[in-house]
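Observations on the three-dimensional arrangement
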Amino acid sequence: SPPTGSCCAASELVWKCASSTDAKRAHQHARCGASVPAKELPGAAQTHLRAKEVRGAWEKESEAKKMATEAATNTNPTTNQAVPSEGNGAPSNGPQAPTITSLYVGDLEQNVSEAQLLELFSQVGPVVSIRVCRDIITRRSLGYAYVNFNNPEDAGRAIELLNFTSLNGKPVRIMFSQRDPSTRKSGSGNIFIKNLDKEIDHKALHDTFAQFGRILSCKIATDAQGQSKGYGFVQFESDEAANEAIEKVNGMSIADKTVFVGHFVKRQERDREVTVKFSNVFVKNLDEEVDDDQLREMFSKFGAITSCIVMRDDEGKSKCFGFVNFEEPESAHQAVEEMDNSEHHGKTLTVCRAQKKAEREAALRSKFEQERKERMEKMQGVNLYLKNLDDTVDDEKIREMFKEFGTITSCKVMRDPQGNSRGSGFVAFSSPEEATRAVTEMNGKMIGNKPLYVALAQRKEERRARLLQQFVARQGPGMPGMPMY
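Residues numbered from 1 in each chain as written. Predicted model: local features only at pLDDT ≥ 70, side-chain atom pairs only at ≥ 80, totals over all residues. Heavy atoms only, no water.

**Side note on unusual backbone geometry**
Threshold: Helical segments are the DSSP runs of H or I of at least four residues, strand segments are the runs of E of at least two, and each set is numbered from the N terminus.
Even without being glycine, Asn195 reaches a positive phi, approximately 70 degrees. Looking at the element boundaries, Asn195 is found in the loop between β9 (190–194) and α7 (202–209). One non-glycine residue with positive phi stands out, namely Asn285, at about 70 degrees. Here Asn285 lies in the loop between β15 (280–284) and α10 (292–299).

If you want it as structure tokens, here you go:
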């Protein structure tokens, strides 16, 4: 039966939510006052014991602060209202409705659950609710959660005490949830730090800049392996704190590296700053009859032109594009603004800043990568992976098997260089609902003499991570007969 008596509320909730023997064992030891080495209690049990220790220390500190506050403000501790002195009016009418304070918890490891977060956050005060945000189709964690407190002081204490606490081997970031997106998007109080040592993590960056004011958000940019990219961001509550941080830290040495600290500038604005000064303009989709003189005439109204040319092949035939170089950057900028997407001889012109080959290649790579990501996101939840296919199954057979579940956008059986089936394939639907229905109905169905395997398609990186987690879970910590490295 679940524990009763004077134990903390978090213990009871964890007992109900987690069927883990470790959590129960930790609770029973905590109640009996038995001394158990933390290293002997894995996972939630260690977190539970730490919760009780920290909570005990916090309760003593909280009681002292409360008594000091009451003495200073002469408040009634039962109503949290000012006690009226003789001759003053009556207190306000009725108790105020409780205000929910929400915390954002980011950088969560994939397997962190609500029960673990409850264990962690209950040590600083009563938790109203917890929600780990998950993918609507796969139910995989999106790596962040929201924790709600009734008392704003508890929420602030949670940030102070628990920020960057390790859960499942990964430090979490905690900050107040900003429901108004204008605050985040405005960039107010946001600074950019680069040339950081790779060993500096979120906590080290936070501790470095906390002296200048209240920090709303602090993050080190990392790659797919979790390694620092050498730069990060800190957002302060006020612009004054951000300005002071820039003034005091910019150019200083941190971990033997001189860092740059400046105001955060959005990518669009950075690109605009890079491209603001140019004089050479590229013009595309010209009519074949347009020559150098006509091109000059088209653009001369914007300012003095130093050179103008229509590119031609070896036979002198126009390639339908050219370049116009102005004396002043302002003239070039105006020409791009007014002439881009304009009509000339029935054709829509493309007019933009002339770029070097390396710039064009970088822009094309960026565009291709962005399109690839968008394509992957679009296919998320609608693309199914098929395995254990019979050798006789081809593309048309797959389409025939799955067409009853919805509109199929593509399907394919994977084959080796000799054209033989690999026994696997893919089928994509027009909506996640259709794909989910297909998985439910077709997974395990006998096709020929084989049971068909059907699941949501995953990228190679995701499959490897999932298999690694399953392998580690099967091994377990300190299994008998298993060597420890």
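**Here we look at the confidence of the model for the protein**
Basically, it comes down to this: pLDDT: the predictor's confidence for each residue, scored from 0 to 100. Here, residues are in contact when the closest pair of their heavy atoms is within 4.5 Å.
On average, residues of the protein carry a pLDDT of 77, and 73% of them reach 70 or more. When the criterion is pLDDT under 50, residues 1–51 qualifies, and its contacts beyond four places in sequence or with other chains add up to 53 contacts. Below a pLDDT of 50 lies the segment residues 71–95, which in the model reaches 16 contacts outside its immediate sequence neighbourhood of four places, other chains included.

**Some points on the sheet that holds strand β16 (residues 305–312)**
Threshold: At least two bridges found by DSSP between two strands is the condition for calling them paired. Axis lines are fitted to C-alpha atoms, over the contacting stretch for helices. Their N-to-C directions set the angle, which ranges from 0 to 180 degrees.
Taken in spatial order, the 4 strands line up as β16-β17-β15-β20 in an open sheet, and their pairing is antiparallel. Looking at the sheet topology across the chains shown, the edges are occupied by β16 and β20 (350–353). The average angle at which neighbouring strand axes cross in this sheet is 20 degrees, direction not considered. Against the sheet, α10 makes contact with β15, β16, β17 (318–326) and β20, and its axis sits at roughly 135 degrees relative to β16, the strand it touches most. The strands touched by helix α11 (residues 329–339) are β15, β17 and β20; relative to β20, the strand with the most contacts, the crossing angle is about 150 degrees.

**Describing the sheet that holds strand β14 (residues 260–263)**
With respect to topology, 4 strands assemble into an open sheet ordered β10-β11-β9-β14, the strand pairing being antiparallel. Each end of this open sheet is capped by a strand with a single partner; those strands are β10 (215–222) and β14. Averaged over all pairs of adjacent strands, the angle between their axes in this sheet comes to 20 degrees, without regard to strand direction. Pairing analysis gives 6 bridges linking β10 to strand β11 (residues 228–236), with the strands arranged antiparallel. Bridging across to β11, Cys218 finds its partner in Val234. Taken strand by strand, α7 contacts β9, β10, β11 and β14, and its axis lies near 140 degrees from that of β10. Most of the contacts of helix α8 (residues 239–249) go to β14, to which it runs at about 155 degrees, and overall it touches β9, β11 and β14.

**Some remarks on the pairing of strand β5 (residues 141–149)**
Relative to β5, strand β3 (residues 101–106) is paired through 5 bridges, and the arrangement is antiparallel. Looking at the pairing, Leu103 lines up with Val147 of β5. By the bridge criterion, 6 bridges tie strand β4 (residues 127–134) to β5 in an arrangement that is antiparallel. In the sheet register, Arg134 faces β5, and the bridge partner there is Ser141. Where β4 hands over to β5, the hairpin turn is made up of 6 residues, of which Arg139 adopts a positive phi near 65 degrees.

**Let's talk about α11**
Going by this rule: Here the term buried applies to any residue with accessible area under 20% of the maximum for its type, exposed to any over 50%, and partly exposed to those in between, with areas from a 1.4 Å probe on protein chains only. The directions considered for the arc run from the helix axis to the C-beta atoms.
Within the span of α11, buried status applies to Ser331, Ala332, Ala335, Val336 and Met339. Along the long axis of α11, the arc covered by the buried residues comes to 135 degrees, so they all point the same way. Across α11 from its buried face, at more than 90 degrees, point the exposed residues Glu330 and Glu337. Along its buried surface, α11 packs onto β15, α10, β17 and β20. The positive-phi residue at the C-terminal boundary of α11 is Asn341, with phi of around 70 degrees.

**Looking at α10**
Inspection of α10 places Leu295, Met298 and Phe299 among the buried residues, and these make up the whole buried set. Viewed along the axis of α10, the buried residues span an arc of 85 degrees, placing them on a single side of the element. Exposed and oriented more than 90 degrees from the buried face of α10 are Asp293 and Glu297. Here the buried face of α10 lies against β15, β16, β17, α11, β18 (343–344) and β20.

**A short note on a nonpolar patch on the surface**
Here is the rule: Patch definition: residues with relative accessible area over 30% and no salt bridge; like charges joined within 9 Å; nonpolar side chains (Val, Leu, Ile, Met, Phe, Trp, Tyr) joined within 5 Å. Where accessible areas are quoted, they stem from the Shrake-Rupley method and a 1.4 Å probe; at the residue level, only the protein chains shown are allowed to cover. By salt bridge we mean one thing: a side-chain nitrogen of Lys or Arg within 4 Å of a carboxyl oxygen of Asp or Glu.
On the surface, a cluster of nonpolar side chains totalling about 290 Å² of accessible area is made up of Leu468, Phe471 and Val472. With respect to the helices, strands and loops of the structure, Val472 is situated in helix α15 (residues 460–475).

**A short note on the environment of Ile305**
Within the secondary structure, Ile305 is located in strand β16. Between the alpha carbons of Ile305 and Asn325 there is a distance of 5.8 Å; along the sequence they are 20 residues apart. Leaving out residues up to four positions away in the same chain, Ile305 has contacts with Arg296, Phe299, Ser300, Val324, Asn325 and Phe326.

**What to know about the pairing of β16**
Taken together, the 6 bridges between β16 and β17 define a ladder with antiparallel strand orientation. In the strand pairing of β17, Cys308 is matched with Val324. Where β16 folds back onto β17 in an antiparallel hairpin, the turn is made up of 5 residues, including Gly316, whose phi is positive at roughly 85 degrees.

**Points about the packing of aromatic side chains**
We count it as follows: Pairing of aromatic rings covers Phe, Tyr and the six-membered ring of Trp, with a centre-to-centre limit of 6.5 Å; geometry is then stacked below 30 degrees between planes, edge-to-face above 60, and tilted otherwise. Should the NZ of a Lys or the CZ of an Arg lie within 6 Å of a ring centre and within 35 degrees of the ring normal, that charge is described as sitting over the ring.
For the structure on display, the rule yields 17 aromatic pairs. Arranged with centres 5.6 Å apart and planes meeting at 45 degrees, the rings of Phe192 and Phe233 form a pair that is tilted. Taken as a pair, Phe192 in strand β9 and Phe233 in strand β11 lie far apart in primary sequence, 41 residues in all. Look at Phe233 and you get partly exposed, because its relative accessible area is 26%. Ring geometry for Phe402 and Phe405: centres 6.3 Å apart, planes at 55 degrees, overall tilted. For Phe405, a relative accessible area of 5% translates into the label buried. Chaining the aromatic ring pairs together yields one cluster made of Phe192, Tyr231, Phe233 and Phe264. Cation over ring: Lys194 sits above Phe260, and NZ or CZ is 5.2 Å from the ring centre. It is Lys387 that lies over the ring of Tyr453; its NZ or CZ is 4.8 Å from the centre.

**Considering the side chain of Thr165**
So the rule is basically this: Side-chain atoms alone can form a polar contact between residues adjacent in sequence; in general such a contact is a pair of N or O atoms within 3.5 Å, and within protein one must be able to donate a hydrogen while the other accepts it.
For Thr165, the position within the fold is in the loop between α5 (152–162) and β6 (166–167). In this structure the side chain of Thr165 is engaged in a polar contact, spanning 2.6 Å, whose partner is the backbone oxygen of Leu162.

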